[in-house]
Amino acid sequence: NAGVTQTPKFQVLKTGQSMTLQCAQDMNHNSMYWYRQDPGMGLRLIYYSASEGTTDKGEVPNGYNVSRLNKREFSLRLESAAPSQTSVYFCASSEATADSPLHFGNGTRLTVT
Amino acid sequence: SQKIEQNSEALNIQEGKTATLTCNYTNYSPAYLQWYRQDPGRGPVFLLLIRENEKEKRKERLKVTFDTTLKQSLFHITASQPADSATYLCALNDYKLSFGAGTTVTVRA
């Protein structure tokens, strides 16, 4: 099984450009998440989707939008990139129960200049 | 929301010794706490979950304790090996799963 697959692995954007980060999971999980990881700050939740058709804001949603395209896919869009969005972005999925562990992809390293 | 604090300093230990990592939280005790391992350039990988009514959990050379009075979890790696070198993250259920910043462990051969 591939688990959680994220594309692209690396991306450089200029301020104001837009892009979509793609995420797909093959574990039939109901819940999917987008986190960003910055040095010294840990993983911070941007958006999550408890099930197909639903999305909710996390801790740091400003500047981002998401789409739960189907049960497998959950995309993150930056409409107008800013240098503060330079980070490593991780997608994760889990079963529906509250204590289920998260399964992470290997991340997208985004630099905004 | 919870503030989660892990050892701020990196941990350097000799092979064969025990590494002990701390995870402290500030507010209410969570129903459970999870530990993850993260290697450079990779996503975190789940290791262990411990619930609030469990004092200790073990998995091979790993041991986790959970003290709700101290608001602390300890993560032990016994008989450490160079392959254990990684960053270890604790996470607890707050709004959703919230993560600490992690502690980097380096095991010297």
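Residues numbered from 1 in each chain as written. Chains lettered and ligands numbered in written order. Predicted model: local features only at pLDDT ≥ 70, side-chain atom pairs only at ≥ 80, totals over all residues. Heavy atoms only, no water.

J.: Any chance you could explain the overall build of chain B here in plain terms?
T.: For chain B, the helix and strand inventory stands at 0 helices and 11 strands. In chain B, the succession of helices and strands from N to C terminus is β-β-β-β-β-β-β-β-β-β-β. The C-alpha radius of gyration computed for chain B amounts to 13 Å, which stays within 12% of the reference 13 Å derived for 109 residues, consistent with globular compactness. Taken along the three principal axes of its C-alpha coordinates, chain B extends 40 × 30 × 20 Å. (Helix = DSSP H or I, 4+ residues; strand = E, 2+ residues; numbered from the N terminus. Rg over C-alpha atoms; globule rule 2.2 N^0.38 Å.)

J.: Looking at this structure, I do not really get unusual backbone geometry. What am I missing?
T.: Both trends apply: most residues other than glycine have a negative phi, and most peptide bonds are in trans. With an omega of -10°, the peptide bond between threonine 7 of chain A and proline 8 of chain A qualifies as cis. Structurally, the position occupied by proline 8 of chain A is in the loop between β1 (4-7) and β2 (10-13). One non-glycine residue, asparagine 28 of chain A, lies in the positive phi region at around 60°. Summarising the element assignment, asparagine 28 of chain A is placed in the loop between β3 (19-25) and β4 (31-38). Residue alanine 79 of chain B is not a glycine yet carries a positive backbone phi of 45°.

J.: Mind showing me how you'd approach the interface of chain B and chain A here?
T.: Contact residues are listed per partner, giving 18 residues for chain B and 20 residues for chain A. Together, the buried faces of chain B and chain A total about 1500 Å²; carbon and sulfur atoms form 55% of this surface. Across the contact surface, chain B and chain A share 1 salt bridge. Note that aspartate 99 of chain A is salt-bridged to arginine 51 of chain B, the shortest N-O span being 2.4 Å. For the pair chain B and chain A, the interface holds 7 residue pairs in polar contact (both at pLDDT 80 or more). (Contact = heavy atoms within 4.5 Å. Buried area = accessible area lost by both parts, 1.4 Å probe. Salt bridge = Lys/Arg side-chain N within 4 Å of Asp/Glu carboxyl O. Polar contact = N/O pair within 3.5 Å; in protein donor to acceptor, adjacent residues only side chain to side chain.)

J.: Is there a simple way to think about the packing of aromatic side chains in this case?
T.: Any aromatic ring pair is given by two values, namely how distant the centres are and how the planes are angled relative to each other. Scanning the entire structure with this criterion turns up 13 aromatic pairs over all chains. When the ring of tyrosine 35 of chain A is compared with that of phenylalanine 104 of chain A, the centres are 5.9 Å apart and the planes differ by 50°; the resulting orientation is tilted. Linking tyrosine 35 of chain A in strand β4 with phenylalanine 104 of chain A in strand β10 (residues 103-104), this pair joins segments that are 69 residues apart in sequence. This pair shows no difference in class: tyrosine 35 of chain A is buried, exactly as phenylalanine 104 of chain A is. On the numbers, 5.7 Å between centres and 70° between planes, the contact of tyrosine 36 of chain B with phenylalanine 46 of chain B is edge-to-face. With tyrosine 36 of chain B in strand β4 (residues 32-38) and phenylalanine 46 of chain B in strand β5 (residues 45-51), this residue pair connects regions lying 10 residues apart in the sequence. Residue phenylalanine 46 of chain B is classed as partly exposed on the basis of its relative accessible area, which comes to 26%. A connected cluster of aromatic rings, assembled from ring pairs, spans Tyr33, Tyr35, Tyr48, Phe90 and Phe104 of chain A together with Tyr36, Phe46 and Phe99 of chain B. (Phe/Tyr/Trp six-rings, centres within 6.5 Å; stacked < 30°, edge-to-face > 60°. Buried < 20%, exposed > 50% of the residue type's maximum accessible area, 1.4 Å probe, protein only.)

J.: Looking at this structure, how should I read the pattern of salt bridges?
T.: Opposite charge on two side chains lets them pair, provided their charged atoms get close. Tallying each qualifying case throughout the model produces 9 salt bridges over all chains. For glutamate 79 of chain A, the salt bridge identified is with arginine 77 of chain A, shortest N-O distance 3.1 Å. Overall, the relative accessible area of 29% leaves arginine 77 of chain A in the partly exposed class. Notably, a salt bridge pairs glutamate 54 of chain B with lysine 57 of chain B, separated by 3.7 Å at the nearest N-O pair.

J.: How should the state of the cysteines be read in this particular structure?
T.: Such a bond, covalent and formed between the sulfur atoms of two cysteines, is termed a disulfide. Applying the stated criterion to the full structure yields 2 disulfides over all chains. Disulfide pairing is shown between cysteine 23 of chain A and cysteine 91 of chain A; the S-S distance is 1.9 Å. One disulfide, between cysteine 23 of chain A and cysteine 91 of chain A, carries an S-S torsion of -75° and so falls in the left-handed class. With cysteine 23 of chain A in strand β3 and cysteine 91 of chain A in strand β9 (residues 87-94), this residue pair connects regions lying 68 residues apart in the sequence. A relative accessible area of 2% means that cysteine 23 of chain A is categorised as buried. On the accessibility criterion, cysteine 91 of chain A (0% relative accessible area) is buried. Across a sulfur-sulfur distance of 2.0 Å, cysteine 23 of chain B and cysteine 90 of chain B are joined as a disulfide pair. (Disulfide = S-S within 2.5 Å.)

J.: Explanation requested: the confidence of the model for chain B in the structure shown.
T.: Mean pLDDT for chain B: 92, with 98% of residues reaching 70 or above. Per-element confidence in chain B is highest for strand β11 (residues 103-108) of chain B, whose mean pLDDT is 97, and lowest for strand β10 (residues 97-99) of chain B, whose mean pLDDT is 89. (pLDDT = per-residue confidence, 0-100.)

J.: I'm lost on the environment of lysine 14 of chain A in this one. Help?
T.: Here lysine 14 of chain A shows up in the loop between β2 and β3. Those residues in contact with lysine 14 of chain A, other than ones at most four positions away along the chain, are Ala81, Val112 and Thr113 of chain A.

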